[in-house]
Structure formats: structure tokens, C-alpha cells
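These are the residues of each chain, in order.
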Amino acid sequence: MKLRSTVLAAAVAAAALSSALVGTAAHAQAKEQFFPVLVYRTGAYAPNGVPWANGFVDYLKLTNARGGINGVKIIWEECETGYATDRGVECYERLKGKHGGATMFQPLSTGITFALTEKAPIDKIPVMTVGYGRSESQDGGVFKWNFPLAGTYWVAADVLIQHIAKKEGGFDKLRGKKIALVYHDSPFGKEPIPLLQERAAMHGFQLSLLPVAPPGVEQKSTWLQVRQLRPDYLLLWGWGVMNSSALKEAQAVGYPREKMYGVWWAGAEPDVKDVGAGAKGYNAVTMQHGAEPNAPFVKEILEKVHAKGQGTGPKDEVGSVLYVRGAISAMLAVEGVRAAQERFGKGKVMTGEQVRWGLENLNLTQAKLDALGFKGVMRPISTSCQDHMGAAWARIHTWDGSKWQFTSDWYQADEQILKPMVRAAADKYAAEKKLQRRTPQDCQS
């Protein structure tokens, strides 16, 4: 009898301990917000993909070092896409249900974005495309789950045309000018074409479209066309090795680099470092920021992450253009979660659906951005049900042979041109997919 009592007591104690451990694990899990991180650290686009990924992950580490998101710590898992759409979809499917469910996805690829746009509404997971993706997804009335925060390729293209017009002395001076677009022959590279065609019709400049087959190492035939056309200005919509290849070809055919303007994915250190002085004078539009080695958040990452041996990549890249871009992408995601907590409960783990609401109700004032360490780096971002972009500001920076320097004031994309284009493209998408625009009631949900 005594033996039976002893065994029974041990069993009860074991069950209680097991229950306590399960409860502790569940509690720990409940305090972790899962961020899937789609990256490409290998392949032709790795030189540009790596610093972005390092900046993204370092900012997540900084957020945890700051105490998390109102006490909720971030966990993450990387998945290598190689910039391939099929691999990006595989990563999405593998990660979307892990660790209680994905907070959001940032594809870092317009092609992957197109694919995930179909999946996000079903899985109720927001897709963030910070400075890329579908330009018409700014329209939250149709694209409920897409967030092209801080700018789209139509914003970039519009600002570039504004800047060129300013250099020429006004939009009327663009009549008869020749502007060429050398672009990555992919959904990414094709994105600015509608905006450029609209501006060409308005101002009378001749637009030449010159596609480059990915990954863009071989461009000799393209630059023979450039040499024949002799455009007054050339826009470069490249990514990865395509950018440095284009600059080398421009040098070879004698096309002036000061007449070249890249998109913000063609204006970072990896694009010019192998060309060096040969790229001097080359310009690019910026996604608000440039190289920011002195930004407060950069100094904080160096102090709280790298100084403790926890940096994701080399210390000397912290603050570089693409590193900062990755950090901005992470910051916007973190603040989307924080905004969701304001409504659904501080200190709680947010679902993808709740984070979608947070991203749609972002109000990052200058004071908030400054407090996060982005003073002098970014301007305010404010989203709504109808506007999932939140800001349309950009500047131009120029490679001086050794570093990037800002060479313009702020420009704002012309909403009188963008809004009708966004609305028309979103309506077309809705008609093709048989979608109804969101109701005012849905905008409150």
C-alpha cells in the first residue's frame, strides 16, 4: 500500500511538473513575435542582398536589446530565395505557420511579391514591400494586404523626371529630349514604364526602352544601342551585378556617368565600388536615406549589438546604403506590430491580421522617428485604409568617386499624376480578380 501511494505521488508530481513545463513553454512562446526573413545571400544578387539582410536582422537584434516590442521579444528565421520567385514561394509556404504564425513577409523581390499578393488574403498575412513591389498596391481599397511603404517605383520614376526637368530649367525644356531606360527584364524592371510613358506624353520627350536579360552581366548589345541613340539622360533600373556591369559599359562606350540616374536599388556601395573613379558623377534616387554612418540608430547598433560580438555581418558595412535600407524595412515592421498592440493589447503577441491593421494605421511622426534613432534619415510616414504607402519623398545622391553624397533637396512625387494611375491600375486588377473595393466598415476592421 505504501509503495502504491509512493508511486501515485510520484506520478502526480511528474504530471504537475510536466504541466508546469508546458505552461512555461507556452508562456515563453506567447511572448515571441515571429519574423520570417526572406534573403538572398547567394547568387548574382548576393552583393546587394547581403547588406540588406544584415541591416534587417541587426535591427531586430537592436529591438530585442531595447526590451522588445513592449516586452515582446522577436524571433526570426532566414530563408534563402536566391531572388527566384519559385524559391520565394517555397520559403513563404515553409515559414508562414511557424512559431505561432508569421507576423508579415518582406519578399525583397517584385516577382515574389506578385506571387504572394495572391496568397496573403487567404492566409491573412501582410506583405510589406518597402520601396518596391506593385506600384498600384498603394491603393489599400483593393490591395488590403499589401504595403509598399515609403515609396514605389512610380514614385522613384516621377522624382527622377522632376529632377531632370529641374536641371534642364523646367518641364517645357524636356520637349524633344531623349531619355533611355535600361532595365532589368523582370517585373521589377518593368514597373516604372507606365509612369515614364505618362510623363513622356505630357512633356514631349522621347522614351527608349532597353531591356537587359537577368542577371545582367552581359550588356554589350544594349550599350551599342545607347551609343547609337546618344540619349540626353539614361535611367538605370538594375539590381545586383547588373549595376556595376552597366557602369563599366557606360565607361567603355563613353557615356557620361553624370547623365545616368539609377533607381534606389542601383545606388549603393556594391554598385560602384568595383568601378571606383570610373563611376564618378553617377546619380541615383534614394528611398529617403543614403549612407548614414552617423545616424543615432546606427551608433546604437554598434554599441548594443556589434560591440557585444552579436553583429550579423562585418562592422564596417553598418550604416551603408543597403544596410540602412534593411534596417528601415525592419523598423517599419516593428512599428506595425507596435501600432497593432496599441489597439489589441500592449505586451501581447500580434497575429498577422492584427499587424495588418497596425501597418494600415501607422503614424510615424518626425518625433517618433527621431526617438527611434532615424533623425535626419527619414521623413514622416502615415498610412490609411486608402493609402498603404504613407510617404512619397525622395532625394538624389551622387557618387563622388569614393562615397555617396546628397546632391538635391527633397522631392515629392506628383500625386496629381500618381493617384489616377494607381486608381486605374488597382481597378483593373480588381476587375481581373473579381474583387470588390473595401467598404467603409471594412476600413474600420
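Here, the structure is the one placed above.
Residues numbered from 1 in each chain as written. Predicted model: local features only at pLDDT ≥ 70, side-chain atom pairs only at ≥ 80, totals over all residues. Heavy atoms only, no water.

Asker: In this structure, what is going on with the overall build of the protein chain? I would like to understand it.
Answerer: In terms of regular secondary structure, the protein chain is built from 16 helices and 14 strands. The C-alpha atoms of the protein chain give a radius of gyration of 24 Å, which matches the 22 Å a tight globule of 445 residues would have. Along the longest, intermediate and shortest principal axes, the C-alpha atoms of the protein chain span 100 × 50 × 40 Å. A buried classification covers 55% of the 445 residues belonging to the protein chain. As displayed, the protein chain offers around 17,800 Å² of accessible surface, 54% of which is attributable to carbon and sulfur atoms. (Helix = DSSP H or I, 4+ residues; strand = E, 2+ residues; numbered from the N terminus. Rg over C-alpha atoms; globule rule 2.2 N^0.38 Å. Buried < 20%, exposed > 50% of the residue type's maximum accessible area, 1.4 Å probe, protein only. Areas by Shrake-Rupley, 256 points an atom, 1.4 Å probe, with all protein chains shown as cover.)

Asker: Teacher, can you tell me more about the packing of aromatic side chains here?
Answerer: Note on aromatic pairs: each is described by the distance of the centres and the angle between the planes. On inspection of all chains with the given rule, the structure shows 19 aromatic pairs. Here Trp239 and Trp265 contribute two aromatic rings whose centre-to-centre distance is 5.1 Å and whose plane-to-plane angle is 75°, an arrangement assigned as edge-to-face. With Trp239 in the loop between strand 7 (233-237) and helix 9 (241-253) and Trp265 in the loop between strand 8 (260-262) and helix 10 (269-272), the pair connects residues that are 26 residues apart, well separated along the chain. Taking the relative accessible area as the measure of exposure, Trp239 reaches 3% and is therefore buried. (Phe/Tyr/Trp six-rings, centres within 6.5 Å; stacked < 30°, edge-to-face > 60°.)

Asker: Sorry, what's going on with the side chain of Thr383 here?
Answerer: Relative to the helices and strands, Thr383 resides in the loop between strand 11 (381-382) and strand 12 (393-399). Here Thr383 falls in the buried class, since its relative accessible area comes to 9%. A distance of 3.1 Å separates a polar atom in the side chain of Thr383 from the backbone oxygen of Glu360. Polar side-chain contacts of Thr383 include one of 3.5 Å to the backbone nitrogen of Asn361. Setting aside its immediate chain neighbours within four residues, Thr383 contacts Leu149, Leu359, Glu360, Asn361, Leu362, His388, Met389 and Gly390. (Polar contact = N/O pair within 3.5 Å; in protein donor to acceptor, adjacent residues only side chain to side chain. Contact = heavy atoms within 4.5 Å.)

Asker: Teacher, can you tell me more about the pairing of strand 5 (residues 178-184) here?
Answerer: Regular strands show a simple pattern: their side chains alternate between the two faces of the sheet. The element strand 5 is extensively covered by neighbouring structure, given that six of its seven residues are classed as buried. Strand direction decides the pairing type here: strand 5 and strand 7, joined by five bridges, are parallel. Paired with Tyr183 across the bridge in strand 7 is Trp237. (Pairing = 2+ DSSP bridges.)

Asker: Explain the environment of Phe56 to me, please; I cannot follow it from the model alone.
Answerer: Within the fold, Phe56 resides in helix 2 (residues 46-65). Linking Phe56 and Arg325, residues 269 residues apart in sequence, is a C-alpha distance of 7.9 Å. When near neighbours in sequence (up to four residues on either side) are disregarded, Phe56 contacts Val37, Gln106, Gly326, Ala327, Ser329 and Ala330.

Asker: Just checking my understanding: could you explain the state of the cysteines for this structure?
Answerer: Inspection of the entire model under this criterion finds two disulfides. Across a sulfur-sulfur distance of 2.1 Å, Cys79 and Cys91 are joined as a disulfide pair. Torsion about the S-S bond of the Cys79 and Cys91 cystine: about -80°, corresponding to left-handed handedness. Placement of the pair is Cys79 in strand 2 (residues 73-80) and Cys91 in helix 3 (residues 85-95), with a sequence separation of 12 residues. Looking at Cys91, the relative accessible area reads 1%, which means it is buried. Residue pairing for Cys385: its cysteine sulfur links by disulfide to Cys443, the two sulfurs lying 1.9 Å apart. On the sign convention where negative means left-handed, the S-S torsion of about -50° between Cys385 and Cys443 marks this disulfide as left-handed. Of the two residues, Cys385 sits in the loop between strand 11 and strand 12 while Cys443 sits in helix 16 (residues 440-443), which places them 58 residues apart along the sequence. We classify Cys385 as buried; its relative accessible area is 11%. Listing the disulfide partners of the protein chain by sequence rank of the bonded cysteines yields 1-2, 3-4. (Disulfide = S-S within 2.5 Å.)

Asker: Please explain the pattern of salt bridges as it appears in this structure.
Answerer: Two side chains that carry opposite charge are able to pair once their charged atoms sit near each other. Across all of its chains, the model carries 25 salt bridges by this definition. Glu360 serves as the salt-bridge partner of Arg438, at 2.7 Å between the closest nitrogen and oxygen. A residue pair is termed long-range when its members are at least 10 positions apart, and Arg438 in the loop between helix 15 (415-433) and helix 16 and Glu360 in helix 13 (residues 352-360) qualify at 78 residues. Residue Arg438 is classed as buried on the basis of its relative accessible area, which comes to 12%. Glu360 sits in the buried class, given a relative accessible area of 1%. Each of Lys144, Arg356, Glu360, Arg438 and Asp442 takes part in a single network of salt bridges with overlapping partners. (Salt bridge = Lys/Arg side-chain N within 4 Å of Asp/Glu carboxyl O.)

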